[in-house]
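Coordinate inspection notes
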Amino acid sequence: MIDYCSKTRTFTLNGKSFSYIMYVNEVGMLQNVYYGASVANDEYLTRVCAYGRSPKPDDLNRDYVQDYVPFEYGAYGRGDFRAPSAVIVRKDGFCASRLLYKSHKIYDGVPEVAGMPHARSGGKTLAVTLKDELSPAEITLNYTVWDDSDVLVRNAVIKNTGKEKFVLDRAYSFCTALPDHDYDFMRLQGRWANERIPETTPLGHGTVRIESSRAASSHVMNPFMALIRKNCSESTGECIGINLIYSGSFVLTAECSQDGNLRIQGGINELGFSWTVDGGDSFVTPQAALCYSADGLGHMSREFADFYRDRIINRQKAFARRPIVINNWEGTYFDFDREKLFSIIDAAAPLGIDTFVLDDGWFGKRDSDTSGLGDWFVNTKKLDGGLAAVAERCRKNGMKFGLWFEPEMISEDSDLYRAHPDYAIGKRGVEPCRGRNQLVLDFTRSEVVDHVFRVVSDILESCDISYVKWDMNRNITEFFSASLDAERQGELAHRYILGVYDLAERLTSKFPDVLFEGCAGGGGRFDGGMLYYFPQIWTSDDTDAYERTKIQWGTSLCYPVSAMSCHVSACPNHQTQRTIDFSTRGIIASLGTTGYELDPSKLCEKEKALVKTQIEDYKKIAELVLRGDLYRLINPYVDNYFCEMLVSKDKNHAYLAGERFHGVPCDYDMFFKLEGLDPDKKYMVKELGITAYGKTLMHAGLLLPRLPDFTGFAWHIDAV
């Protein structure tokens, strides 16, 4: 619900259990009043809770005034010494701004964000237009809320209403203010094979900034942050989560000013960024999703999960049963031929696996990572009969066929590069910095995107392919395109990701029955932007069942478990060399979209029987993975156990999965409390033979099992 009071010039936005209030102050500036738990729309709020100074007309040119105002979008200069939300550079180099309210409109639905991922449906939107007194810029701030969600979606549109062009040196998606800085700051940091690790630090004064400058959201820092009150836990206390629905270079900041107020904002990373806006044109920023929770991190996570499943991921895919795949990469790497693939398919089919995915190495001259990328035609010397023969072998076994691509990349040893070296990003004459022995295609150029669309489409039309794994194994290092003028080189990173979105939109629209899975050297581009096109993303190249408890825990802080591809792989694990029993590997992989990353022809009979059982058990909980609410019970970063629980929306079914890491003295008779059940319903914990009311299980709890090192446990809980 969105209300506007003309008397006080106050905007009140209400979601499921939060309120967001702002008003136009006496001099016409839009400032924040309140963001938190639901409140009544009282005039008192505007009079008293408009913390910070509400400037008077005589104050406008005094430098000490505007630095305190809790603006909804930060202008540059004119007495505000905090980081601005936008920097607008005119022809003469002048870039100060003063943003004043011009108009607003309230309408049903969501704003259109052309060429970028965005919230898809429903809701109500407030669009407030601010006019810059000192330039021809108008900035429209969009706010979208839903009655059944605690997520608020924001973005900004910057329009040049004049005739002469100006340049944006910064254009953030959102800015908001909080009256104090008594928060801890959480980010999801990491590296390859160790992504989205929660790290929480005191906020303090000054600016805390997280970012990526890689033209990808990255392994190193996810585009998510949370402000957490000191008493906030999984189930109690206040927190605010912010997540950019964007896959490129980004920044998120929290700045504590001299008087203790807090400015939080973010969007496209301004490092290396500039964007020329011609007269009459507009620049549209990516959307940001903000989530307020009065009930801890768990509530925030569940709200984000519902938001992504209901309003970002394609609804035809979001709640559709996912295939249980076997991927040959860790089973064969580049060393395969048709017969070796046939043996994998023949061994997988009787186990209940329904899709075989052929990974890297099937195309061009590709027997290592030094050549072949860009040559999307089948290597028939390696695959006698081509992809059609593999697809037919799958069909005869009652399986479907999937295929790996890395469409954004090019090898210097490839036919495409020899014909079109200009297709690669970089400055001719300058030795490129290589990653995984490859370069990045220049997706700022429509002819390059068109070429990749044609060749990938040709492959997908050549035989029955139902699954695509879209990989991306390196980041941009030379930010230069031969197709851009000198003044527009700063547009490369954003134009590149717009090209990625364009290709993803065209391919997923042309092949609506194909399930596309995202991947970026594992979890290097696990973000809301990619989830718009790909309903699941390869969570990490680290498939170790101990490391994955941590990676999946961190990922679940902002993203639904249904979006996490979680596979059982061979042991000793290829990343850690650790050996964990097959059953435990299956239990941890069940907390997401499950599959296998191994050669099933090398499994013993006991392991094959376990695969059959794992798949049968997974089918029983598949709806919980797709639709259920996640409750994180035992934190693997803190405790000797890991435990998570999925609960159906109607509270009738639950699935609990966990792992004990190490045997330690006196680690016994430890109880843990369940969450998310109906206190007045009676439940059966099948594996324990226990029947108890929900209130008992949630308040008294269950006894943790004493298990050998790195051993998992899984319990099914049903209302009786």
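Check the entry above for the structure.
This write-up is about the structure you can find in this document.

Attention shifts here to the pattern of salt bridges. All told, the structure shown has 52 salt bridges when counted by the stated rule. Between Arg321 and Glu623 there is a salt bridge, and its shortest N-O distance comes to 2.9 Å. Of this pair, Arg321 sits in the loop between helix H3 (315-318) and strand E21 (325-327) while Glu623 sits in helix H13 (residues 605-627), placing them 302 residues apart in sequence. A relative accessible area of 48% means that Arg321 is categorised as partly exposed. Assessed through its relative accessible area of 31%, Glu623 is described here as partly exposed. Of the charged contacts, one joins Glu431 and Arg434 as a salt bridge, the two residues approaching to 2.8 Å between their closest N and O atoms. On the basis of relative accessibility, which here comes to 39%, the residue Arg434 falls in the partly exposed class.

Turning our attention to the sheet that holds strand E36 (residues 690-693). Through backbone hydrogen bonds, the strands of a sheet pair up, either in parallel or in antiparallel fashion. What the 6 strands build is an open sheet, ordered E31-E32-E33-E38-E35-E36; its pairing is antiparallel. Of all the strands in the sheet, just strand E31 (629-634) and E36 have a single pairing partner and so form its edges. Shown here is a sheet whose adjacent strand axes are inclined to one another by a mean of 20°, direction ignored. Pairing between strand E32 (residues 641-647) and strand E33 (residues 653-660): 7 bridges, direction antiparallel. Residue pairing in the sheet places Cys643 in a bridge with Gly658 of E33. Packed on one face of the sheet, helix H11 (residues 547-555) meets E31, E32 and E33 and runs near 45° to E32. Relative to E33, helix H12 (residues 582-589) is tilted by about 130°, and along the sheet it contacts E32, E33 and strand E38 (711-719).

Read around the closed barrel, the 8 strands follow the order E21-E22-E23-E26-E27-E28-E29-E30; overall the barrel is parallel. In this sheet, neighbouring strand axes are inclined to one another by 30° on average, regardless of whether the strands run parallel or antiparallel. Pairing geometry for strand E23 (residues 400-405) and strand E26 (residues 467-470), over 4 bridges, is parallel. Across the sheet, Gly402 pairs through a bridge with Tyr467, a residue of E26. Taken strand by strand, helix H8 (residues 446-462) contacts E23, E26 and strand E27 (515-518), and its axis lies near 160° from that of E23.

So, on to the pairing of strand E12 (residues 194-202). The pairing of strand E11 (residues 184-191) with E12 spans 7 bridges and is classified as antiparallel. Residue pairing in the sheet places Met186 in a bridge with Thr200 of E12. Count of turn residues in the E11/E12 antiparallel hairpin: 2 residues, of which Ala193 carries a positive phi of about 65°.

Conventions we followed
- Residues numbered from 1 in each chain as written.
- Predicted model: local features only at pLDDT ≥ 70, side-chain atom pairs only at ≥ 80, totals over all residues.
- Heavy atoms only, no water.
- Salt bridge = Lys/Arg side-chain N within 4 Å of Asp/Glu carboxyl O.
- Helix = DSSP H or I, 4+ residues; strand = E, 2+ residues; numbered from the N terminus.
- Buried < 20%, exposed > 50% of the residue type's maximum accessible area, 1.4 Å probe, protein only.
- Pairing = 2+ DSSP bridges.
- Axes fitted to C-alpha atoms, helices over the stretch in contact; angles between N-to-C directions.
- Contact = heavy atoms within 4.5 Å.

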